[in-house]
Structure formats: C-alpha cells, structure tokens
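# What the coordinates show
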Amino acid sequence: MAKNGFNYSLDFKTTDFRQHPELYRVGVGEQGVLLVEPYKSEILPYWRFRNVEVAQTSAEKIYGLFEAYLAQHDFVGADMARKFLQMGFTRARRYANHKGGRKYTPSAEAHNEGLPYPYSSGSAHKGNEVLPQETDALTNEKAQAAAIFKDYWFKAKDHPEYLRQKQEFRDRYYEK
C-alpha cells in the first residue's frame, strides 16, 4: 500500500469511520465509496441515475448531505458524499456509452480471478476488446444524467470549505 493510500486491509464490516476518522484515507477517485460506514448506508439510498429527473433529485440530495457533513466538520462524510457524486457521473457515463453497462467483450476466462481487492472487483473481462460506444452517447438520457452529477461533483470537489477541511484532515491524520 502506498504511504497514506486507501487501506483495503481494514475490517470494513466492523469499523465505524465516524468514530475512527483517523483510519480513513481519501484515496484516488471513488476508492472505498461502497465500504466506508456509516456513510455508505447514509448516502447510498439516495444514489440514483435512471433518468434526468431522478439524477437531479439524487445529486441535489447528496450535495445537501455533503454540505451538512461540512457544517458538522465531518470531513469523512463530506468526502464520501463527494465520491458518490463522482460515482454518479462515472456510472451514468458508463451506461451512456454502453446501454447494457458492459464495456468489454465477454470471454470464458476472468482476468481478475485471484487478485486482491480492489483489483478483483469490477469487470472480469477488463483487458478484452472494448465494445462499441452508443451512437448517442453524448446526448442520450444517461449522458444528461451524468452531466448533472458532474456539475455537483465539481461543485463539491472545488468547494472552499471542503478543500480547507481536506487539508486540515491530511495535516492531522496523514504521515509526513
């Protein structure tokens, strides 16, 4: 594990990151978004991107949680909400690009078997040929839903109070 990288060896089933924020690491992108409790359980019920209306409601709610976590000086919660906004964008884009959500051509062998988490998750067919992109991938309903999440994600990641708390969190808990 990289110094101060996301620690996948933690017991995520029993660790309460609200009680132990020192164990949390921002990581890269969406790392830990479906692992870190109690935040996953607080945010996940609102995460939806089926269509534009649903995505708008979802992104607004999650951004509201983001702001509430910031107001409570709960950086871990704010960062998790930011990750869910980012994941709303990336997943909606995946479905905009590939209607069925599958990016790679299937094969008989799994390329991620026996690998440690997080490399064992995701597509077992990663590395195979990429399926063709939908002809309307930039304009379809999922693309529009992705754009909504992207706007809220960027608003969150560039929020001055989020950036301040992120630096404060790193100064307090990260090894120098």
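For the structure, see preceding data.
Residues numbered from 1 in each chain as written. Predicted model: local features only at pLDDT ≥ 70, side-chain atom pairs only at ≥ 80, totals over all residues. Heavy atoms only, no water.

## Thoughts on the overall build of the protein
Convention followed: Helical segments are the DSSP runs of H or I of at least four residues, strand segments are the runs of E of at least two, and each set is numbered from the N terminus. Our radius of gyration looks at C-alpha atoms and nothing else; its globule reference is 2.2 Å times the residue count to the power 0.38. In this scheme, a residue with accessible area under 20% of its type's maximum is buried, one over 50% is exposed, and one in between is partly exposed, where area comes from a 1.4 Å probe on protein chains only. Every residue pair with non-hydrogen atoms within 4.5 Å of one another is taken to be in contact. Per-residue and other accessible areas were derived by the Shrake-Rupley procedure at a 1.4 Å probe size, with only the shown protein chains allowed to occlude residues. For the purpose of counting charges, residues Lys and Arg are taken to be positive, whereas Asp and Glu are taken to be negative. His and the chain ends are not included. By convention, charge coordinates are those of NZ in Lys, CZ in Arg, CG in Asp, or CD in Glu.
Along the backbone of the protein there are five helices and zero strands. Each helix (α) and strand (β) of the protein, taken in turn from the N terminus, gives the series α-α-α-α-α. Its C-alpha atoms give the protein a radius of gyration of 17 Å, near enough to 16 Å, the size a compact globule of 176 residues would have. When the backbone C-alpha atoms are referred to their principal axes, the protein occupies close to 45 × 40 × 25 Å. In the protein, buried positions account for 40% of the 176 residues. Partitioning the contacts of the protein with sequence separation of at least 6, the portion at a separation of at least 24 is 68%. With the model as given, the accessible surface of the protein reaches about 10200 Å², and the carbon-plus-sulfur share is 51%. Side chains of the protein give 26 positive and 23 negative charges; the mean places of these two sets differ by 2 Å.

## What about the pattern of salt bridges?
In plain terms, the rule: A carboxyl oxygen of Asp or Glu within 4 Å of a side-chain nitrogen of Lys or Arg is what we treat as a salt bridge.
A complete count under the given rule lists nine salt bridges for this structure. Across the salt bridge formed by Glu37 and Lys40, the nearest N and O atoms sit 3.7 Å from each other. You can call Lys40 partly exposed: its relative accessible area is 23%. Through salt bridges that share partners, Arg18, Glu42 and Asp74 make up one connected network.

## Some thoughts on unusual backbone geometry
The amide bond that connects Glu37 to the next residue, Pro38, takes the cis arrangement and shows omega of 10°. Note that Pro38 resides in the segment before α1 (39–43).

## A word on the packing of helix α3 (residues 75–97) against helix α5 (residues 160–173)
Let me state the cut-off plainly: Whenever a helix is involved, its axis is fitted only over the stretch in contact; in every case the axis is a line through C-alpha atoms, and angles between N-to-C directions fall within 0 to 180 degrees. Note that the term roughly parallel is reserved for angles under 35 degrees, roughly antiparallel for angles over 145, roughly perpendicular for angles of 65 to 115, and oblique for everything else. Note: crossing handedness is left-handed where the near helix turns anticlockwise from the far helix by less than a right angle, and right-handed where it turns clockwise. Note on residue classes: Ala, Val, Leu, Ile, Met, Phe, Trp, Tyr, Cys and Pro are nonpolar, Asp, Glu, Lys and Arg are charged, and everything else, Gly too, is polar.
At a minimum axis separation of 10 Å, α3 and α5 run at an interaxial angle of 125°. Between α3 and α5, the angle is such that the two are oblique. For α3 against α5, the interelement crossing comes out left-handed. Contacts between α3 and α5 involve Phe75, Val76, Ala78, Asp79 and Arg82 from the former and Tyr162, Gln165, Lys166 and Phe169 from the latter. The residue makeup of the contact of α3 with α5, split by class, is five nonpolar, one polar and three charged.

## Structural notes on the side chain of Glu30
For clarity, the threshold we go by: A 3.5 Å cut-off defines polar contacts: any pair of N or O atoms within that distance qualifies, except that in protein one atom must be a possible hydrogen donor and the other a possible acceptor, and neighbouring residues in sequence count only when both atoms are side-chain atoms.
Note on placement: Glu30 falls in the segment before α1. Looking at Glu30, its side chain comes within polar contact range of the side chain of Thr90, at 2.7 Å. If we skip the residues at most four places from it in the chain, Glu30 touches Lys83, Gln86, Met87, Thr90 and Arg91.

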